[in-house]
Amino acid sequence: MKNISDIRLNRRTLLKLKGLGVIGLASISPCAFSLASEDKKPLPRVRLKLSDYQTFRSTCAMECLHCNLTAYVYQGELKKIEASKDFNVKCCLRGMSRTKWVYHKQRVKTPLLRVGEKGEGKFKPISWDEALDLIEKNIRDTIATHGNKGMLISTHAGNMDSIKNDMGKAFFDYLGGSTKQAGSLCCSAVTAAMMPMVGLRYADMRDTIADSRYILCWGNNPAVTMQAYFKEYIKAQANGARLVVIDPRFNETAAKADEWIPIIPGTDTALALGMIKIIMDEQLYDVDFLRQHTGAVYLVDARKKQLREKPDDAESYLVYDTLTKSMVRHDAPGIVPALTKAELPADAEYTTVFELIRTESQQWNLAKVEAETDVPAATVLRLAREYASNKPSMIVQNMSGAQRTEFGTYVAAGQFYLALLTGNMGKAGGGVCDAGGVRQMMKINAPLPAPKDVQKIPPIP
Ligand code: SF4
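These remarks concern the structure in this document. (Residues numbered from 1 in each chain as written. Predicted model: local features only at pLDDT ≥ 70, side-chain atom pairs only at ≥ 80, totals over all residues. Heavy atoms only, no water.)

## Considerations on helix H10 (residues 268–281)
- When the terminal C-alpha atoms of H10 are compared, their 20 Å separation across 14 residues agrees well with the 20 Å that a helix rising 1.5 Å per residue should span.
- The buried fraction of H10 is high, at twelve of 14 residues.
- The complete set of buried residues in H10 reads Asp 268, Ala 270, Leu 271, Ala 272, Leu 273, Gly 274, Met 275, Ile 276, Lys 277, Ile 278, Ile 279 and Met 280.
- As for H10, its buried residues are in contact with strand E8 (214–218), strand E9 (242–246), helix H12 (353–362), helix H13 (366–373), helix H14 (377–389) and helix H15 (408–421).
- Backbone geometry just downstream of H10 places Gln 283 in the positive-phi region, at approximately 50 degrees. (Helix = DSSP H or I, 4+ residues; strand = E, 2+ residues; numbered from the N terminus. Expected span 1.5 Å × (residues − 1). Buried < 20%, exposed > 50% of the residue type's maximum accessible area, 1.4 Å probe, protein only. Contact = heavy atoms within 4.5 Å.)

## Observations concerning the sheet that holds strand E3 (residues 77–83)
- If you trace the three strands from one edge of the open sheet to the other, you get E1-E2-E3, paired in antiparallel fashion. Both outer strands of the open sheet, strand E1 (54–59) and E3, are each paired with one neighbouring strand and no more. For this sheet the average axis-to-axis angle between neighbouring strands, irrespective of direction, equals 30 degrees.
- As defined by bridge partners, E1 adjoins strand E2 (residues 68–74) across six bridges and the pair is classed as antiparallel. What sits directly across from Ser 58, in E2, is Leu 69. (Pairing = 2+ DSSP bridges. Axes fitted to C-alpha atoms, helices over the stretch in contact; angles between N-to-C directions.)

## As for the pattern of salt bridges
- Counted by the stated rule, this structure contains 23 salt bridges.
- Glu 120 is the salt-bridge partner of Lys 122, the closest N and O atoms lying 3.1 Å from each other.
- Note that Lys 235 and Glu 232 form a salt bridge whose closest N and O atoms lie 3.4 Å from each other. Note that Lys 235 and Glu 232 are positioned in helix H8 (residues 230–238) at a spacing of three residues, about one turn of the helix.
- On the basis of relative accessible area, Lys 235 is assigned to the partly exposed category, the value being 42%.
- Counted as one network, the salt bridges with shared partners bring together Arg 242, Glu 259, Arg 382 and Glu 386. (Salt bridge = Lys/Arg side-chain N within 4 Å of Asp/Glu carboxyl O.)

## Thoughts on the nonpolar core
- Counting residues in hydrophobic clusters, the biggest one holds 56 residues, and the most contacted among them are Leu 216, Trp 218, Leu 271, Met 275, Leu 383, Tyr 387 and Leu 418.
- Mapped by element, the contributors of at least two residues to this core are helix H6 (188–198), E8, E9, H10, helix H11 (287–293), H12, H14 and H15.
- The dominant element in this core, judged by the number of residues it contributes, is H10, at nine residues.
- Discounting residues that sit within four places of it in the chain, Leu 216 has contacts with Val 244, Ile 246, Met 275, Leu 383, Tyr 387, Met 394, Ile 395 and Val 396.
- Judged by nonpolar contacts, the second largest core, of 34 residues, contains Leu 69, Cys 91, Val 102 and Met 205. (Core = buried A, V, L, I, M, F, W, Y, C linked by side-chain atoms within 4.5 Å.)

Interpretation note: all reported values are geometric properties and have no functional meaning in isolation.
Below you can see the structure in the form of structure tokens.
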């Protein structure tokens, strides 16, 4: 492993790496087309046929729908962007306006050096050579003064920089390491909830929105953030679905919804627990689904530890078979595992995960939920009943506002509990929709092999 003193981090090295997108992580436009035309004389006005254009496939790298774009280029100049004909979404104005981004007179094309105070907005253009010298000096100075942990690589969110972020990390790792931020900026809460609860991170239900009977946009505003896809929500409404928005703000989706439920920010988990209590009390849960597809039937002891057939086999969860009246492995054939306490032996010193969830939710009665959330008790009651009985019902969380908030994971977890309890998982028009990202759809290998000897520096959450 080489460290900074071994690597000849000269301008040439940096320039080579820049060509790979490492230096100046923000210097590369998210648009794939960088056809400099500003200095050219305007082309004479001619009537063009489609065959006069070169066409290119590309993608809109914004963090919403990953729209598939077709670019039309005439004599080296990007003229038009449109949604590719075989893509099921019409891209939005943000994507189509890329012709303007590429040629905008304020587009940054050279490095800029700040010459005023921070925030003053005073910069002067400098050459790449000067910029790279300055970066090299700062990297060396930082490592000499603070060590490698003194360098923070602050990456962008999700898809925008899936490849570029990795290159940046690799660059600093080859210098011996750097401080990193934990996870992605966009989806920490839902990732932390989903991985232990459902074992994967991909829950993109967007193509089944129109099949839904009840759509709960929770802390999410798809009329703006899934703009090109909002037609699916409208289609669902036309098919008779009810669209409900839970959000402190009367947002654009709320304006189109059948109901807007304002809530005190940061109290969403209380609302979810209140809904869970109602679903438990009124037995609106899906018994068959819970028995067949969830760990709600797993047994737990008095210390809330799950019981296993073999302590060293993490998958050997035990359940209580109501047919043979015995404890068996959860995956034994032909069993009907107990879900509720009433199905367990009266003297059992264990209970089920389902009963733990019930206990956890019991304190969240309507009065307490109303006091915490400011959502009227009658609304909470109706919301829980409607969500549980109009199936398939979908919660749209889509990397909701909870992601980087304190205990935001519980908001996402509460939503998954609701979907699981009501048997809405795995059904078209149901589930918890999370628009996901390119890394959930495909495997992207690291662009460089990891260096062997990187310092372990704790990330910043
Ligand atoms: S919806 Fe608009 S901004 Fe988002 S990926 Fe598509 S074209 Fe780009």
